[in-house]
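Overview (structure and organization)
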Number of protein chains: 2
Amino acid sequence: MSAPQPLTPADQQLVDAILAAGAAQRRALAKVITLLESTRPDHQTRAQQVLDTLLPHSGKAIRIGISGVPGAGKSTFIEALGLWLIQQGKRVAVLAVDPSSTISGGSILGDKTRMEQLCQREEAFIRPSPSAGSLGGVAEKTREAMLVCEAAGYDVVIIETVGVGQSETAVAGMVDMFCLLQLPNAGDDLQAIKKGIVEMADMVIINKADIDPRATRVAQAQWKKALHFVRPASPHWTPPVITLSALHKEGISEFWAQVDKFCAALQSSGEFAARRQRQAVDWMWSMIDAGLRQYFHRHPTIRASLPEISQAVAEGRTTPGAAAWRLLAVLQHN
Amino acid sequence: MSAPQPLTPADQQLVDAILAAGAAQRRALAKVITLLESTRPDHQTRAQQVLDTLLPHSGKAIRIGISGVPGAGKSTFIEALGLWLIQQGKRVAVLAVDPSSTISGGSILGDKTRMEQLCQREEAFIRPSPSAGSLGGVAEKTREAMLVCEAAGYDVVIIETVGVGQSETAVAGMVDMFCLLQLPNAGDDLQAIKKGIVEMADMVIINKADIDPRATRVAQAQWKKALHFVRPASPHWTPPVITLSALHKEGISEFWAQVDKFCAALQSSGEFAARRQRQAVDWMWSMIDAGLRQYFHRHPTIRASLPEISQAVAEGRTTPGAAAWRLLAVLQHN
């Protein structure tokens, strides 16, 4: 691999500010993430150089994913958790993957009035979802922002996502522990099972347990049953189903006790590191697949013949196999 | 697109025999499918030429997919259905997609003693699953065999699959109507919901309804509830949940009445043809994706640098994005 390019003085200053953990750190962090999210080629080159420089300092945080439908109380929970972690002497970064952010301008973390208390703490860094074109783009930027936050010494990185499309799969593919935040009512479990999200869950949290304790107990039992049907994500961990009230800040320490237990179980078995390695390689492959598609579409000969060949396939004048073979042959004879 | 090559006299004979619907038809059909399944390049070239010649004669059958776990009674049901269809004056082809066939030698349709009565009818053509290397390969060969059966004038093509991995998705992607064969016990529904199969179902059939009528009614209600949670595959069709006993040949005509209703609903809305077109184009794209991966892996520069770059990604020395970009750049500068 090629040696990293030297940084510009301005970028070196950004890197220094991020690694120094001083007063200028959070502003530098925000600037680097903005650079990462920029689509300008010169920004991209600079951003990747900064990232390469910071990379050896990343990897020390615990990465936690929080997913839930709108109304499940994600921001209330993350704020309560963040404040509690700060009390324990930890620094917390909160990022988001919101695939709808391109259209709506962001349904999560876009609103400054959310997590109002956490926002004001200097031990916290909160960043809304990038609004790149595709889910893959949004998720990639968030993953890179996570690495920058780790280099800045944040102890916990929380990645919030709303249960839309494949965003949960993307987030589960970048965190150490993936948690589902649920409401105490039936139906939710079926939705999650249907979409194959339950297999990815390392923990299920039933929020708003104070409102209806009976419904909460029913939901907890249903979730335990649902988890029983699926193979757990890890052979060293049985996903617990816990109940709490984020609004009343009840159950937060119990939640974190489970996080600690999870980390201990996976670290002692070596799975913690293995999972991160696998995630990084899987991530590379999904980016390669996306890049190959793009490469294919940009090829002038393919672009010229694709409409006619697609039409022939749709009309049954040629088989999908023969059409694919003809198009791919263009690349071979390049 | 290039003009089709002339057929060899032997292959022309195969084509003639298939189109003639005479006594030699079934043997010619078996020979062409064997040719399609062969991995020898000269066989592949000949097979594709034969397929191109037959293609204009394909597309007139109803394509039905039947999926279910081992023990659900798939072969008993297909035999009962096949015999009933023959009674109605129809000719029936039965094919299979069994991704385990490479390892085990085939768990479905491999055994000659299965569908014993249907085997003996000259109005039926039964073919076990091909045993190509990957699910994609197995499914592609089955899809091509289906087109050959259609050219031979079979009125109904039934494609059987066992609920392993992604085989259901592959079969749902090549048939007009995808049916789930289920046993009257709880738990099955959760498995299917979990794997996202319910969304693909155009009909759910609860078999062995004679054994426990009460459990059958419970299962039927559960399935209706489960289907209620998912968006139906077609806006013009609400998937029914029917009960029958394949062993006692009860409920077969009711099953077919639903097939007729389904075809009428989708044909009048134009969705029947649109779905086939979409399936063919999707099929082409999945083969292109597979081909692009293969192309990528075969590139000598990529093959040489992949192990080191993957290792660097796994160890966090480079980001997945930067690694993907470096590998893809090799193709660009080719």
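Calculation criteria
Residues numbered from 1 in each chain as written. Chains lettered and ligands numbered in written order. Predicted model: local features only at pLDDT ≥ 70, side-chain atom pairs only at ≥ 80, totals over all residues. Heavy atoms only, no water. Helix = DSSP H or I, 4+ residues; strand = E, 2+ residues; numbered from the N terminus. Buried < 20%, exposed > 50% of the residue type's maximum accessible area, 1.4 Å probe, protein only. Contact = heavy atoms within 4.5 Å. Areas by Shrake-Rupley, 256 points an atom, 1.4 Å probe, with all protein chains shown as cover. Pairing = 2+ DSSP bridges. Axes fitted to C-alpha atoms, helices over the stretch in contact; angles between N-to-C directions. Salt bridge = Lys/Arg side-chain N within 4 Å of Asp/Glu carboxyl O. Polar contact = N/O pair within 3.5 Å; in protein donor to acceptor, adjacent residues only side chain to side chain. Least-squares fit on C-alpha atoms with pLDDT ≥ 70 in both. Left-handed = near helix turned anticlockwise from the far one by under 90°. Nonpolar A, V, L, I, M, F, W, Y, C, P; charged D, E, K, R; others polar. Phe/Tyr/Trp six-rings, centres within 6.5 Å; stacked < 30°, edge-to-face > 60°. Lys NZ or Arg CZ within 6 Å of the ring centre and 35° of its normal. Parallel < 35°, antiparallel > 145°, perpendicular 65-115°, else oblique. Domains from an automatic or database assignment. Expected span 1.5 Å × (residues − 1).

Here we take up the overall build of chain A. Of regular secondary structure, chain A possesses 14 helices and seven strands. Taken across its 334 residues, chain A has 56% of its residues classed as buried. For chain A, restricting intrachain contacts to residue pairs at least 6 apart in sequence, the fraction spanning at least 24 positions comes to 76%. For chain A, the exposed surface amounts to about 14,700 Å²; the carbon and sulfur share of it is 54%.

A word on the environment of A:Gly82. All names here are of chain A. Residue position: Gly 82 is located in helix 4 (residues 74-87). On the basis of relative accessibility, which here comes to 0%, the residue Gly 82 falls in the buried class. Note: C-alpha distance between Gly 82 and Ala 93 (eleven residues apart in sequence) is 8.5 Å. Once you skip the residues sitting within four places of it in the chain, Gly 82 turns out to touch Val 92 and Leu 118.

All names here are of chain A. Backbone geometry at Lys 249 places phi at a positive 55°, although glycine is not the residue there. Along the chain, Lys 249 turns up in the loop between strand 7 (241-243) and helix 11 (252-268). You can call Lys 249 partly exposed: its relative accessible area is 46%.

Turning our eyes to something else, we now look at the sheet that holds strand 1 (residues 62-68) of chain B. Pairing between sheet strands relies on hydrogen bonds along the backbone, with the strands arranged either parallel or antiparallel. All names here are of chain B. Taken in spatial order, the seven strands line up as 3-2-4-1-5-6-7 in an open sheet, and their pairing is parallel. Of all strands in the sheet, those with a lone pairing partner are strand 3 (124-126) and strand 7 (241-243), marking the two edges. Across the sheet, the mean angle from the axis of one strand to that of its neighbour is 20°, orientation sign disregarded. One ladder, built from three bridges, connects strand 2 (residues 92-97) with strand 3; its direction is parallel. Following the sheet pairing, Val 94 is matched in strand 3 by Ile 126.

Here we take up the interface of chain B and chain A. The interface of chain B with chain A comprises 53 residues on the first partner and 53 residues on the second. The partner of B:Arg293 in a salt bridge is A:Asp289, with the nearest N and O atoms 2.7 Å apart. Summed over the shared surface of chain B and chain A, the number is two residue pairs in polar contact (both at pLDDT 80 or more). Secondary structure elements with two or more residues in the side of chain B that touches chain A: helix 3 (41-54), helix 7 (135-151), helix 9 (188-194), helix 12 (271-298), helix 13 (300-314) and helix 14 (320-332) of chain B. The leading source of residues in the side of chain B that touches chain A is helix 12 of chain B, at 15 residues.

Here we come to the relation of the copies chain B and chain A. Overlay of chain B on chain A (RMSD 0.1 Å): rotation 180°, translation along the axis 0.1 Å. Such a combination of turn and shift is consistent with a two-fold rotation axis. In this assembly, 100% of the residues forming the interface of chain B have copies in chain A that are likewise at the interface, indicating an isologous arrangement.

Running from N to C, helix 12 (residues 271-298) of chain A and helix 14 of chain B point in directions that differ by 35°, and their axes come no closer than 8 Å. The interaxial crossing formed by helix 12 of chain A with helix 14 of chain B has right-handed handedness. Side by side, helix 12 of chain A and helix 14 of chain B meet where A:Ala280, A:Trp283, A:Met284, A:Met287, A:Ile288, A:Gly291, A:Leu292 and A:Tyr295 of the first sit next to B:Pro320, B:Gly321, B:Ala323, B:Ala324, B:Leu327, B:Leu328, B:Leu331 and B:Gln332 of the second. Here the residues of the contact of helix 12 of chain A with helix 14 of chain B are counted per class, giving 13 nonpolar, three polar and no charged.

Here the structure, examined in full by the defined rule, presents ten aromatic pairs over all chains. Ring plane angle 45° and centroid distance 6.3 Å describe the contact between B:Phe125 and B:Tyr154, whose orientation is recorded as tilted. Of this pair, B:Phe125 sits in strand 3 while B:Tyr154 sits in the loop between helix 7 and strand 4 (156-162), and the two are 29 residues apart along the sequence. The residues B:Phe125 and B:Tyr154 share a single accessibility class, namely buried. One aromatic cluster in this structure is built from A:Phe77, A:Phe255 and A:Trp256. Here B:Arg91 stacks its cationic end above the ring of B:Tyr154, 4.1 Å away from the centre of that ring.

Further remarks concern the packing of helix 11 of chain A against helix 12 of chain A. Residues and elements named next belong to chain A. Interaxial distance between helix 11 and helix 12 falls to 5 Å at its minimum, and their mutual angle equals 85°. By the criterion of interaxial angle, the relationship of helix 11 to helix 12 is roughly perpendicular. Facing Phe 262, Cys 263, Leu 266 and Gln 267 of helix 11, the residues of helix 12 in contact are Glu 271, Phe 272 and Arg 275. Its residues assigned to classes, the contact of helix 11 with helix 12 comprises four nonpolar, one polar and two charged.

Attention shifts here to the pattern of salt bridges. All names here are of chain A. Considering all chains together, one arrives at 22 salt bridges over all chains under this definition. When the shortest N-O distance is used, the salt bridge between Asp 42 and Arg 40 registers 2.8 Å. A salt bridge links Glu 144 to Lys 141; the shortest N-O distance between them is 3.7 Å. You can see Glu 144 and its partner Lys 141 sitting in helix 7 (residues 135-151), three residues apart, about one turn around the helix. Like Glu 144, the residue Lys 141 is buried in the burial classification.

Taken domain by domain, chain A consists of domain 1 (1-57), domain 2 (58-269) and domain 3 (281-332). A straight line from the C-alpha centre of domain 1 of chain A to that of domain 3 of chain A covers 36 Å.

Residue and element names in this part refer to chain A. Judged by pairing direction, the sheet is parallel, and its seven strands sit side by side in the order 3-2-4-1-5-6-7 without closing on themselves. A strand with exactly one partner marks an edge of an open sheet, and here the two such strands are strand 3 (124-126) and strand 7. In this sheet, neighbouring strand axes are inclined to one another by 25° on average, regardless of whether the strands run parallel or antiparallel. Lying over the sheet, helix 11 contacts strand 1 (62-68), strand 4 (156-162), strand 5 (177-182), strand 6 (203-206) and strand 7, oriented at roughly 125° with respect to strand 1.

Glancing now at the environment of B:Gln220. Residue and element names in this part refer to chain B. Take Gln 220: it is sitting in helix 10 (residues 213-229). When the C-alpha atoms of Gln 220 and Tyr 295 are compared, they prove to be 48 Å apart, with 75 residues separating the residues in sequence. In this structure, Gln 220 is in contact with Ile 206, Val 241, Ile 242 and Thr 243, ignoring residues within four places of it in sequence.

Here we take up the side chain of B:Ser67. Here B:Ser67 is to be found in strand 1. At 2.8 Å, the side chain of B:Ser67 and the side chain of B:Glu168 are in polar contact.

Under the 1.5 Å per step criterion, the end-to-end length of helix 14 (residues 320-332) of chain A is 19 Å for 13 residues, consistent within 8% with the ideal 18 Å. Along helix 14 of chain A, ten of the 13 residues are buried, which leaves the element largely enclosed by surrounding structure. A:Pro320, A:Gly321, A:Ala322, A:Ala323, A:Ala324, A:Leu327, A:Leu328, A:Ala329, A:Val330 and A:Leu331 are the residues of helix 14 of chain A that are buried. Buried residues belonging to helix 14 of chain A abut helix 12 and helix 13 (300-314) of chain A together with helix 3, helix 7 and helix 12 of chain B.

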